[in-house]
Structures are given as C-alpha cells and as structure tokens.
Amino acid sequence: MFETDFEKILHQVENIHPTTYGNTRNYKDGSVTRLSPYISRGVISTKYVFTSLLNRGFNYWEIERLIQELAWRDYWQQIWIEKGNLIDDDFKSSQTNVENHQIPKAIIEAKTGIEVIDKAILDFYETGYLHNHLRLYIASITCNVAKSHWKIPAKWLYYHLLDADWASNALSWQWVAGANSNNKYFANQENINKFFYSDQKDTFLDVGYEELPLSSIPEILQELTTPTLLTSLPEKKSLKIDSQKPTLLYNFYNLDPLWKNDMDANRILLLEPSHFQKYPVSEKSIDFILALGQNIENLQIYTGEFEELMKEYQPENIYFKEHPTNIHYTGTVESRDWMFSVKGYYSSFFKFWKQCKKELSILYNAQ
Ligand SMILES: Cc1cc2nc3c(=O)[nH]c(=O)nc-3n(C[C@H](O)[C@H](O)[C@H](O)COP(=O)(O)OP(=O)(O)OC[C@H]3O[C@@H](n4cnc5c(N)ncnc54)[C@H](O)[C@@H]3O)c2cc1C
C-alpha cells in the first residue's frame, strides 16, 4: 500500500494537492499527502517537499497551510535535538488525572464500540498508517477518557506506524494529554461523525464538551494491558568493506537514496539492537525499511552496535547524518535538510512558525 520504489515516491511528491489541503485535511477523504512514512524514514526531507511546491509555482496562500504542517515536523525535531531524552517523560508539566500506566485492551483489540475508531485501528494494523485526526481521537480516548498515562500507548502506536518518529509521536501524545500543552484535547462523537461521515449515537463519547472531561472511565475501557513490543531484526551477516573507500552509515531515520549518491563508498544500513530496544517497531516496519533500502545502491545490512562495527571492520572516513538517536556515532556528521534556517528550542509552535513565516515571505517577495 505504501510504495517503496524511489521514482514512484518522487512522483507522489509531484502530485500532492496543496490547494485543497487546508480545507479538507481534517476529513476522512481530505487531500492529505501520506508522505510521512518517507519523511520519517529520511527518504525525502520536508525541504524536498517544500522545494517541489515552490517549483510548481503556487501562490503563497495556496501552499501556506501545508508548509505550516510540514513545519510541525521540523519543530518537533528541533525540540528533540535540543532537549534529547527529556521528551521521553512529561515535557512541560505532569499529565494530570492519570489512573494507570497501561493502555485499554479495547484500544489494542479495536473493540471500543466507537465504529470509526475500531475500523481505523484494524486498518492501521494492515497499513501502518493513520490519519492525523484519528491519531488525535485515539490518543484522547486513551489518555483523557480512559486516563492512561501517554507513554505506553505512544510506544504502541510508534511500534506499528510506518512513519514512526519519536519526536512527532511522543510530543503529540503529550500535547493531547496536556503534558506538552495547556489543555487536554477532547473530541466527542459529534466531531467524529462530522469528519469521518458516520452517524453513530449513544456511545461513551456522545456527550457535550462540558460533560466529557468530567465523565468517569467507561466500563469498556477499564480492562487494561501492557503490549509486548519487540523488534525482530535480520540476522547478522558479514560485510564486504573496501578499506580504501569512505563508509556511509544509514539507519532507521536516514534512508536517503540521493545522499552522496555520486560517491564511491561502502554503504551500510546499521540496525542497532539497543536502538530497537529503546524504540521497538513491528516486523512490517522493518520490512518497510529493508524495501526502502533497495533504492540505495550496494547497501549492506549490519545488525549490531556501532562500536561492534568499528571493532570488526575498522572502517575509515565514516559519514552519517545528524540525528538525536545517533549521537554516539563517530566520524563526519552532516546536517539534515530543513525548510528554514530557524533552529533551536521554541516554547510554542507559533513562535517557531512566526520566524519561519518571515523567511517564507522573503522567498515569495524575491520571486
Ligand atoms: C498522537 C499522535 C501521534 C503522532 N505520531 C507521529 C509519528 O510517529 N510520526 C509522524 O510522522 N507523525 C506523527 N504524528 C503527526 C501526524 O499525525 C502525521 O505526521 C500525519 O498524519 C502524517 O500523514 P500525512 O503525511 O498524510 O500528513 P499531511 O497532513 O499530508 O502532512 C504533510 C506532512 O507534514 C507533517 N505533519 C503534518 N501534521 C503533522 C503533525 N501534527 N506533527 C508533525 N508533523 C506533521 C508530516 O511530515 C506530514 O507528512 C502524530 C500525531 C498525533 C496526534
């Protein structure tokens, strides 16, 4: 369902519909891009999408909304870079009203009784993708209705998402749960019916917004579980390293086929067991990266730690792209591509976006 051939992915970028995006993105059939699995895996960057939109000659107001959403990705990434592991715990304030550190079994088993949600979870297991609005609904039901702490549920979602990105994931869950925002996010049945074209009534969400935050945990959400999240990595195989050539390291967050593609180099996809112990992902997610890796010529797969690789093969002239999950690599670190030059920690997205917008306006005025 998600293409892995690079040419087809680039074709998909050229065919997104930015002009209808703004008004429709919250709806089931809205003009969303479904590019997140490629952006998260570093196959393409937000800047690549941004540049493609600029080249297609749209007016400023036609693409502003989509660029703003792409900027959310860069914003969360900048926070991860600046704050590191602090995003793993309640970031701005402690989540309030927490009654458990598990996840409702009804969420995992797609048996909440909310038809749209149950169907979405079943589809999600098949596709590895969820619409943003559905992610918000699921997080809200889990954290704010069932009163689960956000972390275990976030790890469950990350495990199954092909676009798993710990910054977007952990910080969005916390945004919903009020640990990274001033208010908890609630959506009721009427909202779900409107955006996902259903007409269900008499559910635990079929109440007004004054009542919803005060409701007790519905019986159907009371049974809890802790999912087992383990990653199965390919077996370790020996590599053929040419010691005369530089070595380029790829990983779960960098599978960019265009990166140094004219360099004669050893290319290694490094799958570190310690990484996947901390950030476990499903078999589907591993299969996805292995398929995406086929776009990179002569990519060899190494299952093992960075240090082990160094000891076993002593590769020289190592290059890798900057990322918070690989600060322990040594060698030449290269910057990722960003849409704007705005860097560092901003306490709110809108402060960050204000700076980005200035650069966007300058770009447009210069045209
Ligand atoms: C609880 C929760 C968990 C999430 N977990 C992840 C995750 O693990 N990985 C992930 O990539 N996104 C995550 N998101 C953000 C967002 O839901 C997805 O990026 C988006 O739905 C991807 O679909 P799309 O490419 O069709 O997006 P579009 O709507 O087409 O947006 C285009 C691009 O903009 C970026 N973008 C859009 N919305 C957001 C957003 N809210 N936050 C960050 N970037 C955004 C993405 O790069 C996306 O590909 C999460 C959101 C929530 C509420």
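Residues numbered from 1 in each chain as written. Predicted model: local features only at pLDDT ≥ 70, side-chain atom pairs only at ≥ 80, totals over all residues. Heavy atoms only, no water.

As recorded in an unreviewed UniProt entry, the protein goes by the name Deoxyribodipyrimidine photolyase, listed as coming from Dyadobacter subterraneus.

**Student:** Would you mind going over the layout of surface pockets in detail, with residue names and values included?
**Tutor:** For the largest pocket, the calculated volume is near 1200 Å³. For the largest pocket, the lining is made up of 47 residues, of which Arg25, Glu69, Trp72, Asn132 and Ser172 are closest to its centre. Contributions of two or more residues to the lining of the largest pocket are made by helix H3 (36-40), helix H5 (60-83), helix H8 (132-145), helix H10 (166-177) and helix H15 (349-365). For the lining of the largest pocket, the element with the highest residue contribution is H5, accounting for nine residues. Residue classes in the lining of the largest pocket are distributed as 23 nonpolar, 15 polar and nine charged. (1 Å grid on protein atoms, 1.4 Å probe; cavity = no way out; pocket = protein on both sides within 12 Å on 5 of 7 lines; lining within 4 Å. Points joined across faces, edges and corners; volume = space filled by probe spheres on them. Helix = DSSP H or I, 4+ residues; strand = E, 2+ residues; numbered from the N terminus. Nonpolar A, V, L, I, M, F, W, Y, C, P; charged D, E, K, R; others polar.)

**Student:** Explain the packing of aromatic side chains to me, using residue names and the numbers behind them.
**Tutor:** How two aromatic rings sit relative to each other is set out by the distance from centre to centre and by the angle between their planes. Tallying each qualifying case throughout the model produces 37 aromatic pairs. Their ring planes at 25° and their centres at 6.1 Å tell us that Phe124 and Tyr125 sit as a pair that is stacked. Their ring planes at 35° and their centres at 6.1 Å tell us that Trp175 and Tyr185 sit as a pair that is tilted. Of this pair, Trp175 sits in helix H10 while Tyr185 is found in the loop between H10 and helix H11 (189-195), placing the two residues 10 residues apart along the sequence. Under the relative-accessibility criterion, Tyr185 is labelled buried at 17%. Every member of this aromatic cluster is reached through a ring pair, and the members are Phe50, Trp72, Tyr75, Trp76, Phe340, Tyr346, Phe349, Phe350, Phe352 and Trp353. (Phe/Tyr/Trp six-rings, centres within 6.5 Å; stacked < 30°, edge-to-face > 60°. Buried < 20%, exposed > 50% of the residue type's maximum accessible area, 1.4 Å probe, protein only.)

**Student:** Talk me through the UniProt feature "domain: Cryptochrome/DNA photolyase FAD-binding" (unreviewed entry) in the protein; I want residue IDs and the actual numbers.
**Tutor:** Taking the numbering used here, the UniProt-annotated feature "domain: Cryptochrome/DNA photolyase FAD-binding" (unreviewed entry) corresponds to residues 67-188. From the first C-alpha to the last, residues 67-188 spans 28 Å; its make-up is 57% helix and 2% strand. (UniProt positions renumbered as here; feature names shortened; annotations may be inferred.)

**Student:** Please give an account of the site of the ligand that cites residues and values.
**Tutor:** Within the structure, the ligand sits among 27 residues, and Tyr21, Thr33, Arg34, Tyr129 and Asn132 are positioned closest to it. A distance of 2.7 Å separates an oxygen atom of the ligand from a polar atom in the side chain of Tyr129. In the complex, the protein chains occlude 97% of the 820 Å² of accessible area that the ligand would expose alone. Among the detected pockets, the ligand sits in the largest pocket. Among the secondary structure elements, those contributing two or more residues to the shell around the ligand are H3, H5, H8 and H10. Top element by residues in the shell around the ligand is H5. It accounts for six residues. Here the residues of the shell around the ligand sort into 14 nonpolar, seven polar and six charged. (Near = heavy atom within 4 Å. Polar contact = N/O pair within 3.5 Å; in protein donor to acceptor, adjacent residues only side chain to side chain. Areas by Shrake-Rupley, 256 points an atom, 1.4 Å probe, with all protein chains shown as cover. Sits in = over half its atoms within 2 Å of the grid points.)

**Student:** Any chance you could break down the packing of helix H7 (residues 115-127) against helix H9 (residues 151-160) for me, citing the residues and the numbers?
**Tutor:** Contact geometry for H7 and H9: axes closest at 9 Å, N-to-C directions at 50°. Relative to H9, the element H7 is oriented oblique. Note on element contacts: H9 touches H7 through Trp156, Leu157 and His160, opposite Ile121, Phe124 and Tyr125. (Axes fitted to C-alpha atoms, helices over the stretch in contact; angles between N-to-C directions. Parallel < 35°, antiparallel > 145°, perpendicular 65-115°, else oblique. Contact = heavy atoms within 4.5 Å.)

**Student:** Can you tell me about the pairing of strand S6 (residues 318-321), naming the residues and giving the values?
**Tutor:** Alternating positions in S6 separate into two faces, Ile318 and Phe320 on one and Tyr319 and Lys321 on the other, with burial throughout. Here strand S3 (residues 247-250) runs beside S6; their pairing, made up of two bridges, is parallel. Within S6, the position partnered with Leu248 by the bridge is Tyr319. Relative to strand S7 (residues 332-334), S6 is paired through three bridges, and the arrangement is parallel. Opposite Phe320, over in S7, you have Val333 as the bridge partner. (Pairing = 2+ DSSP bridges.)

**Student:** Tell me what's going on with unusual backbone geometry, and back it up with residues and numbers.
**Tutor:** Phi is positive for Arg34, close to 55°, though the residue is something other than glycine. In this structure, Arg34 sits in the loop between helix H2 (18-24) and H3. Non-glycine residue Lys260 carries a positive phi angle of around 50°. Structurally, Lys260 can be placed in the loop between S3 and strand S4 (266-271).

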